[in-house]
Amino acid sequence: MIEYSHVTKAYKKKGPVVEDFSLAVSVPVFGFLGQNGAGKTTVMKMTVGLLAPTSGTVTIDGIPSHELAARRKIGFMPETPYFYERMTAMEFMRLCDELFGNAGSGRGEIYEKLLKKVGIHGARNFEIRTFSKGMRQRLGFAQALVNDPEYLLLDEPLDGLDPIGRREMKMVIRDLKKEGRKIFLNTHILYDVEEICDELGVIHQGKLLYAGSVKEFCAGKSLEERFMDTVEAYEAVAVK
Amino acid sequence: MKNIFVIAKNTLKLEIRDKILYGILAFALGYIALTIFFGQLTLGELQMIKSFGLAGIYFFTAIIALFLGTTSFYKDVDRKTVYFLVSKPVSRSQFLIGKYFGLCLVLLVASIILGAAYFGIVMYEGGGFDVIGLLAIFMQFLEMCLFIAFAICVASFSTSLISIVFTSAVFFIGHVVSALLIDAKAIGISGLQYRLVQAIYYVFPNLEKFNVRDLAIHAVAMPFTSFLLALAYTAAYVALLLMTAIWVFDRKEI
């Protein structure tokens with residue numbers, strides 16, 4: 001389970017970007033929904049140990065997220081990933097794998113399988129600088145799976161993909177769900193949440209406005225309508 | 001420790017594919033080849049060949065060190081490639097140390113290539129194997145290791161451009177600090193001014209400790225204690241710089 005307990009992240013100039021955030025995620029696919037700049041990426045960065053909370057705690061199966069042991073359990077795909085351009089996809093997979101202490105000639109088959117899964121196997125020996133945005137997204141996805149993680153944290157994983165690519169990646173996410181992995185998905189695309197998530201969280205201006213089942217949240221209305229209602233209701237209270 | 005090795009190995013692998021590095025190396029090899037011509041101008045004077053050859057290796061490895069030290073680490077952080085690495089079971093200190101050793105390895109490879117060309121020419125000109133020349137190249141390599149640590153340290157809290165300016169300034173100051181202190185004594189500076197000169201002497205690295213090119217040119221052996229002292233000086237200074245860089249990087253919001 002990924003657990004956030006009264007987490008606040010504040011910057012000297014900006015002030016708090018995430019405020020008193022508490023949540024426990026244990027469902028197979030959790031969609032984290034919010035506008036650009038709502039605090040989704042900050043929450044994800046704190047989960048993978050890239051940022052330290054100003055106060056509060058983030059734990060993964062009870063292990064604080066800043067500890068290296070917690071990172072063995074996760075696979076992380078950052079938003080708009082930047083790679084080492086002069087490496088090939090296979091070399092990059094190997095680098096990521098070796099950082100988990102894995103090595104050996106047999107590992108190559110695993111990288112090939114993962115690259116096949118995300119649909120860039122044909123370009124496995126090409127330098128990453130020749131990759132399109134969609135191919136980079138797919139490679140970012142593949143490297144997140146290299147350690148066979150229990151938890152997969154994906155920051156806007158469907159950005160930059162064409163319609164066929166989006167469909168393929170959603171199928172991959174569904175397959176991973178069947179394998180028993182827990183997926184935490186950041187997105188601002190409502191349709192994706194509706195389609196693939198079991199539960200969702202709505203964050204706005206750093207505050208968690210809702211966390212629970214998608215069906216309960218919608219309550220007969222469209223997700224877009226409910227999302228707007230929730231955000232507007234919060235803003236109306238905040239103005240008062 | 002294993003992660004440091006993995007990052008160092010991959011840094012080496014990446015940097016030696018850089019076309020800019022190839023360009024600098026090609027230029028350097030061309031320059032070293034030209035020393036044969038310089039030797040002929042001075043009627044085959046071997047000292048001239050050694051002088052120009054060692055100075056060439058020094059100059060071009062300094063350019064490589066400045067180029068790598070100020071850009072490689074900074075680029076990983078600025079372009080957020082580091083997200084892939086430190087979201088795995090890798091601490092920021094392991095990343096930084098691995099990066100440092102990887103860049104030192106690139107310099108070692110460059111020094112070996114340029115050194116091989118230099119020794120080839122010295123032997124071709126009938127000078128035999130230049131043992132003290134080898135020591136001079138090694139000392140230059142040590143200086144560049146310190147130089148890279150300085151560049152990474154500055155890049156950890158500033159930008160690549162500031163690191164270039166600051167590291168270049170330190171490179172210059174590092175070569176004049178000992179002369180500065182001697183001159184200050186000779187002309188009788190005292191009080192606050194002398195303390196300021198002393199502060200500069202102790203704060204900035206004394207890079208002249210690594211300059212044994214004159215000894216190599218005149219085939220004079222380097223005292224073993226000076227060699228050991230230079231090794232210890234490098235280790236201590238590099239450790240201090242990297243610890244500072246780690247302290248800054250650990251607190252940096254990336």
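The preceding data block contains the structure.
In this convention, every chain numbers its residues from 1, walking through the sequence in written order. Whichever chain is written first is A, and whichever ligand is written first is 1; the rest continue in order. Selection of residues for local features in this predicted model requires a pLDDT of at least 70, selection of side-chain atom pairs for listing and counting requires 80 or more, and totals for whole chains, interfaces and linings are taken over all residues. Each side-chain value is worked out from all heavy atoms of the structure, with water and hydrogens disregarded.

Digging into the overall build of chain A
Counting from the N terminus, the helices are the DSSP runs of H or I reaching at least four residues and the strands are the DSSP runs of E reaching at least two. Counting secondary structure elements, chain A contains nine helices and 10 strands. Oriented by its inertia axes, the alpha-carbon framework of chain A measures out at about 60 × 35 × 35 Å. Only protein chains enter the accessibility calculation, which uses a 1.4 Å probe. A residue is then buried if its area is under 20% of the maximum for its type, exposed if over 50%, and partly exposed in between. Sorting the 240 residues of chain A into buried and exposed places 53% on the buried side. Should any heavy atoms of two residues lie within 4.5 Å, those residues are counted as being in contact. Taking all contacts inside chain A whose residues are at least 6 apart in sequence as the whole, residues at least 24 apart take part in 65%. Surface exposure here means Shrake-Rupley accessible area, sampled with a 1.4 Å probe, where a residue is shielded only by the protein chains that are shown. About 10700 Å² of surface is accessible on chain A, with carbon and sulfur atoms providing 51% of the total. For chain A, the separation between the mean place of its 33 positive charges and that of its 33 negative charges on side chains is 3 Å. Neither His nor the chain ends contribute to the count of charged residues, in which Lys and Arg are positive and Asp and Glu negative. To locate a charge, take NZ of a lysine, CZ of an arginine, CG of an aspartate or CD of a glutamate.

With respect to the side chain of B:Ser87
The topology assignment puts B:Ser87 in the loop between helix H4 (82-86) and helix H5 (92-124). You can call B:Ser87 buried: its relative accessible area is 3%. With residues near it in sequence (within four places) discarded, B:Ser87 still touches A:Val48, A:Leu50, A:Arg71, A:Ile74 and A:Phe76.

Looking at the interface of chain B and chain A
Facing the 28 residues of chain B at the interface are 28 residues of chain A. In short, buried area is how much 1.4 Å probe accessible area vanishes from two parts on joining, totalled over both. In this assembly, chain B packs against chain A so that about 2800 Å² is buried in total across both faces, 61% of it on carbon and sulfur atoms. Salt bridges, as used here, are contacts in which a Lys or Arg side-chain nitrogen is within 4 Å of a carboxyl oxygen on Asp or Glu. Where chain B meets chain A, there are four salt bridges. Note that B:Lys9 is salt-bridged to A:Glu98, the shortest N-O span being 3.1 Å. Pairs of N or O atoms are called polar contacts if they sit within 3.5 Å, as long as, within protein, a hydrogen donor faces a hydrogen acceptor (for residues adjacent in sequence, only side-chain-to-side-chain pairs). Our count for the contact surface shared by chain B and chain A stands at 13 residue pairs in polar contact (both at pLDDT 80 or more). Where the side of chain B that touches chain A is concerned, the elements lending two or more residues are helix H1 (2-15), H4 and H5 of chain B. Sorting elements by how many residues they give to the side of chain B that touches chain A places H1(B) first, with nine residues. In terms of residue class, the side of chain B that touches chain A is built from 11 nonpolar, five polar and 12 charged. Gly counts as polar in this scheme, as do all residues outside two lists: the nonpolar Ala, Val, Leu, Ile, Met, Phe, Trp, Tyr, Cys and Pro, and the charged Asp, Glu, Lys and Arg.

Description of the pattern of salt bridges
Should their charged atoms come close, side chains of opposite charge can pair. Residue and element names in this part refer to chain A. Inspection of every chain in the model, using the stated rule, returns 24 salt bridges over all chains. The residue Arg-181 makes a salt bridge to Glu-179 at a minimum N-O spacing of 2.7 Å. Salt bridges sharing partners connect three or more residues here, namely Arg-166, Lys-170, Arg-174, Asp-192 and Glu-195.

Things to note about the sheet that holds strand E10 (residues 207-213) of chain A
All names here are of chain A. Pairing in this open sheet of six strands is mixed, and the strands run E6-E7-E8-E3-E9-E10 from one edge to the other. Both outer strands of the open sheet, strand E6 (74-77) and E10, are each paired with one neighbouring strand and no more. When the angles between neighbouring strand axes are averaged without regard to direction, this sheet yields 15°. At least two bridges found by DSSP between two strands is the condition for calling them paired. Across six bridges, strand E9 (residues 199-204) lies against E10 in antiparallel orientation. Bridged to Gly-201 within E10 is Ala-211. Set on the sheet, helix H9 (residues 223-239) makes contact with strand E3 (29-33), E9 and E10; between it and E9 the angle comes to about 35°. For helices, the fitted line uses only the C-alpha atoms of the stretch in contact; every axis is such a line through C-alpha atoms, and the angle between N-to-C directions lies from 0 to 180 degrees.

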